[in-house]
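Chain and residue survey
Spelled out, the chains give:
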Amino acid sequence: MTEIIIAIVQALLLMLLAPLVSGTARWMRAKMHTRRGPSILQDYYDIAKLLKRQDVRTQHSSFVFRLMPPLYMGVLLILACGMPMITRACPIPVLGDVITIIYLLALPRFFFALAAVDSSDAYSGVGGIRELIVGVLVEPSMMLALFVAALATGTTNIGAMGEAIGSLSVTSPVAVVVAAAAFALACYVELGKLPYDVAEAEQELQEGPLAEYSGPSLAMAKASLSMKQVIVVSWFIAVFLPFGSATELTIPALALGALVFVVKVAAIFFVCSIVENLVSRVRWKYMSRQTWTIVGVSVLALVFCVLGI
């Protein structure tokens, strides 16, 4: 029963605090540019404003266009219930399997792109196609890195994987470190940061497909994009940085685990902000070269794992 409560609390806190995380990241990047920047609560203001507006849809859109925002948020809430954030074990083990998580993340990506095409807007359609291209380029390296971690730990449950890595009981420690590096690079691309995208700009890849959305649907989509960033970072932390997470379901252990989780998330987003300020946007025809580098690192991790290093 305690695990179910933790899962529900995690999902609710993710939905409530994800806009604060993305707003803080925008504020931090503005400060690094020596700009005043928006308030850290700006995303909440935007969402509240959109919720008051009319939900307008294009004339020729189908149910896919209407279904995408609630489906996107619903899948992320399900992932939040199974993701070990403050604890080392998955609150709901059936939702913590690597294969389940990968397929659940692929579902909103597919509908995100399909809704862009369904909107009958040419620019949105191009953005939706580019979103699928990112998935094709990044997801194989993510899966391969997690496959290496699964081989080294003997399980595909991310809670058990984190437990094995946290206790340093893995068969190929070097392979796990290299796989962590590959997975971190892939997660950075998934976050929609420079040089690959500026997620807050309507003209960019990740929000181009949202050009025809308005009102509550757009608010739900924006909140879902912020939630996805936290989910992706939590995924990396759960598998490769489980240190400090609660191993017991006691109030002091859970409180310490929550504090450590917040610190780790803040540190990762701070590093991402620094990287964003050091790079320029990459041209799309060159993006595959960089993602192939990530695949190469994942393959190197697999080689080390096979050799038992």
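For the structure, see preceding data.
Let me begin by describing the structure that accompanies this report. Predicted model, so just to flag it, every value in this text is computed and none were measured. (Residues numbered from 1 in each chain as written. Predicted model: local features only at pLDDT ≥ 70, side-chain atom pairs only at ≥ 80, totals over all residues. Heavy atoms only, no water.)

Structural notes on the nonpolar core
Counting residues in each nonpolar core, the largest one holds 86 residues, and the members touching the most others are Leu-146, Ile-158, Phe-183, Trp-235, Val-239 and Phe-240. Of all the elements, helix α8 (residues 215-240) adds the most residues to this core, at 16 residues. Not counting residues within four places of it along the chain, the set of residues in contact with Phe-240 comprises Ala-145, Leu-146, Ala-149, Ile-165, Val-176, Ala-179, Ala-180 and Phe-183. (Core = buried A, V, L, I, M, F, W, Y, C linked by side-chain atoms within 4.5 Å. Buried < 20%, exposed > 50% of the residue type's maximum accessible area, 1.4 Å probe, protein only. Helix = DSSP H or I, 4+ residues; strand = E, 2+ residues; numbered from the N terminus. Contact = heavy atoms within 4.5 Å.)

Quick look at the environment of Leu-20
Mapping Leu-20 onto the fold places it in helix α1 (residues 2-32). Separated by 247 residues in sequence, Leu-20 and Ala-267 place their C-alpha atoms 15 Å apart.

Regarding the packing of aromatic side chains
Under the criterion given, the structure shown has seven aromatic pairs. Between the aromatic rings of Phe-65 and Tyr-213, the centroid separation amounts to 4.0 Å while the plane-to-plane angle is 10 degrees, which identifies the pairing as stacked. With Phe-65 in helix α3 (residues 63-82) and Tyr-213 in the loop between α7 (173-190) and α8, this residue pair connects regions lying 148 residues apart in the sequence. When its relative accessible area of 1% is taken as the criterion, Phe-65 is described as buried. For Tyr-213, a relative accessible area of 5% corresponds to the buried category. (Phe/Tyr/Trp six-rings, centres within 6.5 Å; stacked < 30°, edge-to-face > 60°.)

Quick notes on α3
The first and last C-alpha atoms of α3 sit 28 Å apart over 20 residues, in line with the 28 Å expected at 1.5 Å per residue. Maximal helix bending in α3 amounts to about 30 degrees, located at Pro-69. (Expected span 1.5 Å × (residues − 1). Bend = angle between axes of the 7 residues up to and from the residue.)

Section: the pattern of salt bridges
Under the defined criterion, the tally for this structure stands at six salt bridges. Put simply, Arg-29 and Glu-276 hold a salt bridge, and the shortest N to O gap is 3.0 Å. Taken together, the residues Arg-29 in helix α1 and Glu-276 in helix α9 (residues 251-276) connect sequence positions 247 residues apart. By relative accessible area, which is 10% here, Arg-29 ends up buried. Glu-276 sits in the buried class, given a relative accessible area of 4%. Taking the shortest distance from any N to any O, the salt bridge between Lys-228 and Glu-190 comes out at 3.1 Å. Highlighted residues: Lys-228 in helix α8 and Glu-190 in helix α7, separated in sequence by 38 residues. As far as burial versus exposure is concerned, Lys-228 and Glu-190 are alike and both buried. Through salt bridges with shared partners, a single ionic network connects Arg-109, Glu-139, Glu-190 and Lys-228. (Salt bridge = Lys/Arg side-chain N within 4 Å of Asp/Glu carboxyl O.)

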